[in-house]
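Structural overview for review
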Amino acid sequence: MPLPNYGLLTGRVVEHGPAASGNPHYLVAVQAGGIRYQVSLNIETTRPGRGPSPATLQFQIIDDMRSSKLKKAAALAGSLVNGNRFDLASENPGLPRLDYVRGAILSMEGFRALPGATRGAQSSNSFLTRLVEALTQAVKDKNAYVAVFGSGYTNAPGGTLTCSDPARSSMGFTGIENVHMNQGSLHQIGQHLTGHFDENGADQDGALLVVTNDALLGFFTKFTSQDNQTDANGNPVHTGVVVLDQRVRKHKVSVPANPYAYLAPTVARTSKKIAQARANVPAPAAAPPSSASLPAPSHASQGDYVFADPGTGGNDPIRPFKPDDDSAVRNSPYVANFAKYGVPEPVPAPRGGAYPVMSLEQVLGTAAIKAIRDSGQIVFHSVGDTGAPAQSKLPNEMDVANLMLQDFAAATKAERPAFFYHLGDVVYYYGEQEYYYDQFYEPYKKYPAPIFAIPGNHDGITYSAQMVSLAPFINAFCDTLPSSWQGSGGVARTTMNQPGVYFQLDAPFVSIIGLYSNCDESFGYLDQQQKLFLQDALVALKPKRTSGQISAVLIAVHHPPLSFSTKKPSSANMRDDMDAACTAAGLWPDAVFSGHAHVYQRMTRSIGTGSAARQIPYIICGAGGYNKDPRQEVDKADFKLQDTSDPQFRLHQFFPNYGYMKLILKKATGKNHDTLRMEFRSPDKTLGSPADACTLDLNNHVLL
């Protein structure tokens with residue numbers, strides 16, 4: 001979320017000096033009108049950041065922006081005047097803004113890095129030396145002033161500094177911070193120690209400019225943890241995944257335009273309302289005691305996977321169902337920014353800069369994988385939108401979960417499901433930790449196999465600036481090691497240790513590429529890092545798929561790339577992005593699975609013509625139990641859309657009923673071909689068992 005109180009301070013320097021011992025900032029007192037402001041400037045490298053090296057402070061000093069060869073830098077210098085006040089950019093549309101990446105006022109290649117901690121050694125800190133010299137002269141020169149771009153803060157009770165959103169400087173702004181680049185911060189699982197990624201935004205970078213009659217001296221800073229290239233939302237273009245970043249040029253993946261650019265005026269008009277809403281939105285409920293205070297079940301130690309609860313009691317609270325009522329926030333401008341206007345929440349890069357791939361063997365062990373391979377088939381489950389935020393919706397989720405359990409009573413081990421792949425919206429309405437027990441752990445406490453997941457929009461969306469998008473989901477599914485988590489409420493199932501919220505799962509005979517399509521209530525969106533990841537994963541899987549080392553490549557994404565539901569329509573822009581990656585890689589998926597629409601739809605997409613044509617099933621299975629009645633998701637017009645004559649997109653089945661998918665991939669025997677059977681099974685016995693089924697010939701790419 002962009003900085004809400006970004007603006008420009010102009011005034012006279014009256015004092016300056018280092019902050020308290022141990023603080024890596026330099027303080028500048030600026031008198032503007034009747035208010036004395038304290039400006040806080042970063043001057044040292046002290047704190048570790050992402051990756052193996054510290055988030056080093058980088059700097060760039062421009063001796064005189066008035067004579068800069070960059071026209072926009074000279075124009076900015078010529079436009080500045082000493083207004084003796086702090087102006088909020090949100091209230092002054094014509095106020096100058098800084099953008100390091102796209103503003104053309106400096107070169108991103110011109111930044112130099114400071115060495116490690118430099119406290120007590122000013123002579124070795126060339127940035128600090130020049131800064132002190134310039135400020136000292138500004139104090140002496142009565143005609144000199146400073147222009148400071150950054151965000152305001154005010155003194156809160158107790159003397160702590162906290163962000164605030166006053167409408168004017170006279171209402172309490174007493175200082176300026178974020179006087180550095182405010183975009184490009186990477187959000188990486190297990191690495192980024194602060195929430196700076198949550199402040200990414202365009203046209204909101206900070207700087208200190210010292211203005212005299214003779215020159216306009218510019219001091220600019222950023223950190224090595226901030227990417228030099230960003231997208232239209234200020235998020236990094238590079239991924240933080242070393243392998244992917246090395247292949248950016250090789251794959252020629254362009255920086256994406258903002259697909260929601262047409263909504264920019266609407267979003268801008270809501271900025272003040274969002275600031276007001278922040279003050280009225282209740283803070284998230286207090287977190288339960290830390291996991292350290294909860295005794296781990298005796299049968300689970302960190303590093304060991306536990307699936308089905310053995311039923312020995314453990315710490316399961318077995319408390320009354322806890323409903324989630326979001327009526328106080330669902331219509332707030334803050335929520336609308338993500339759900340209605342499509343502004344993406346930040347997407348965390350995979351853990352530790354490693355390529356996000358995980359094998360089923362890591363979880364089940366070598367013996368189990370050998371048994372699957374020896375059997376010549378793998379069976380697994382998939383469904384999305386399972387969370388039940390109200391007591392009235394819980395029976396539907398439980399009906400689906402219990403029906404899935406019946407598949408484990410199969411006559412042979414080969415027919416038992418190996419895992420469950422969740423298609424998103426695990427917990428409604430905002431993925432809070434306090435609802436994970438009721439909506440996930442308790443309903444699936446008896447499920448005796450691993451559960452992997454990609455996030456849905458409800459898992460990532462937030463309603464308060466105090467919340468971190470996807471944090472509970474990461475705790476539950478992207479843990480460093482499998483362990484007991486406080487969100488489980490004491491249920492024995494351990495956390496899953498996926499490498500990221502988007503990742504590749506390799507299992508016998510099949511690889512599943514899982515993507516996170518963000519928080520819009522209507523349409524899915526893939527950021528730059530995921531488009532690059534998708535293309536790269538397909539490139540790597542193509543020789544394995546062609547040679548028969550694997551029989552199928554599947555793509556899972558929460559928002560449906562193809563849908564015949566009028567209320568949850570196709571994410572056409574996202575589908576185009578996926579198509580571009582498939583075309584560039586020369587590999588199309590064998591099937592695409594999604595949720596979001598709380599129904600079951602089976603569609604067939606035809607790619608190519610004649611003998612080269614291939615059929616790709618696109619299946620929506622968001623029927624895991626969320627809605628009290630799935631028919632709420634369906635208009636009569638939806639049923640009229642059932643048509644098998646369309647040459648490219650054909651709808652074959654549409655059920656407004658609860659249920660899940662059972663997938664059976666069989667290796668060829670004799671002259672047969674490899675096949676993928678996709679069944680929809682529903683608790684509604686009137687639909688039959690299965691309610692719907694189709695089988696894909698994985699050699700000829702056609703439905704049988």
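Residues numbered from 1 in each chain as written. Predicted model: local features only at pLDDT ≥ 70, side-chain atom pairs only at ≥ 80, totals over all residues. Heavy atoms only, no water.

With that settled, consider the overall build of the protein chain. Helix and strand counts for the protein chain come out as 16 helices and 26 strands. Residues counted as buried form 57% of the 704 residues belonging to the protein chain. Contacts spanning at least 24 positions in sequence make up 75% of the contacts within the protein chain whose residues lie at least 6 apart. With the model as given, the accessible surface of the protein chain reaches about 28,100 Å², and the carbon-plus-sulfur share is 52%. (Helix = DSSP H or I, 4+ residues; strand = E, 2+ residues; numbered from the N terminus. Buried < 20%, exposed > 50% of the residue type's maximum accessible area, 1.4 Å probe, protein only. Contact = heavy atoms within 4.5 Å. Areas by Shrake-Rupley, 256 points an atom, 1.4 Å probe, with all protein chains shown as cover.)

Attention shifts here to the pairing of strand β20 (residues 600-607). Within β20, eight of the eight residues are buried, leaving the element largely enclosed by the surrounding structure. Side-chain alternation along β20 places Y600, R602, T604 and S606 on one buried face and Q601, M603, R605 and I607 on a second face that is also buried. Here β20 runs beside strand β21 (residues 614-621); their pairing, made up of eight bridges, is antiparallel. Note that in β21 the partner of T604 across the bridge is P617. Between β20 and β21, which follow one another and run antiparallel, lie six residues, and G608 among them has a positive phi close to 85°. In terms of strand pairing, β20 meets strand β22 (residues 649-655) through six bridges, oriented antiparallel. Bridge pairing in β22 places Q601 opposite F654. (Pairing = 2+ DSSP bridges.)

Inspection of the secondary structure assignment puts R493 in the loop between α13 (471-477) and β16 (503-507). One buried charged residue, R493, remains without a salt bridge, the closest side chain of opposite sign being D309 at 8.8 Å. At 2.5 Å, the side chain of R493 and the backbone oxygen of Y447 are in polar contact. The contact partners of R493, leaving out residues within four places of it in the chain, are V306, F307, A308, F440, Y441, Y444, Y447, A449, P450, I451 and S488. (Lys, Arg positive; Asp, Glu negative; His and termini not counted. Salt bridge = Lys/Arg side-chain N within 4 Å of Asp/Glu carboxyl O. Polar contact = N/O pair within 3.5 Å; in protein donor to acceptor, adjacent residues only side chain to side chain.)

This next bit is on helix α15 (residues 572-585). Under the 1.5 Å per step criterion, the end-to-end length of α15 is 20 Å for 14 residues, consistent within 8% with the ideal 20 Å. Taken residue by residue, α15 has M574, R575, M578, D579, A581, C582 and A585 as its buried positions. The arc that holds every buried residue of α15, seen down its axis, measures 160°, which confines them to one face. Turned more than 90 degrees away from the buried face of α15 sit N573 and T583, all of them exposed. Buried residues along α15 sit against α14 (528-547), β18 (552-557), β19 (591-594), β20 and β22. G586 occupies a position one or two residues after α15 and carries a positive phi of about 75°. (Expected span 1.5 Å × (residues − 1). Arc of directions from axis to C-beta.)

Turning our eyes to something else, we now look at the pattern of salt bridges. A complete count under the given rule lists 19 salt bridges for this structure. Residues R102 and D99 are paired through a salt bridge, measuring 3.0 Å at the closest nitrogen-oxygen approach. Taking the relative accessible area as the measure of exposure, R102 reaches 34% and is therefore partly exposed. A relative accessible area of 2% means that D99 is categorised as buried. Between D674 and K667 there is a salt bridge whose closest N-O contact spans 3.1 Å. For K667, a relative accessible area of 26% corresponds to the partly exposed category. Overlapping salt bridges bring together R545, D590 and R614 as one network.

Next up on the list: the sheet that holds strand β24 (residues 675-681). The strand order β15-β14-β13-β23-β24-β25-β26 describes an open sheet built from seven strands, whose pairing is mixed. Every interior strand has two partners, whereas the edge strands, β15 (451-453) and β26 (702-703), have only one. Helix α10 (residues 394-406) contacts β13 (377-383), β14 (420-422), β23 (660-666) and β24 of the sheet and is inclined by roughly 25° relative to β23. (Axes fitted to C-alpha atoms, helices over the stretch in contact; angles between N-to-C directions.)

Moving on: the pairing of β13. Across a regular strand the side chains alternate sides, sitting on one face of the sheet and then on the other. Most of β13 sits inside the fold, with seven of its seven residues counted as buried. As defined by bridge partners, β13 adjoins β23 across six bridges and the pair is classed as antiparallel. Residue pairing across strands places H381 opposite K662, the latter belonging to β23. Pairing of β13 with β14 involves three bridges; the strand directions are parallel. Bridged to V383 within β14 is H422.

This part takes up the confidence of the model for the protein chain. Overall, the predicted model of the protein chain reaches an average pLDDT of 83, with 82% of residues at or above 70. Counted against residues more than four places away or in other chains, residues 155-172, with its pLDDT under 50, gives 31 contacts. (pLDDT = per-residue confidence, 0-100.)

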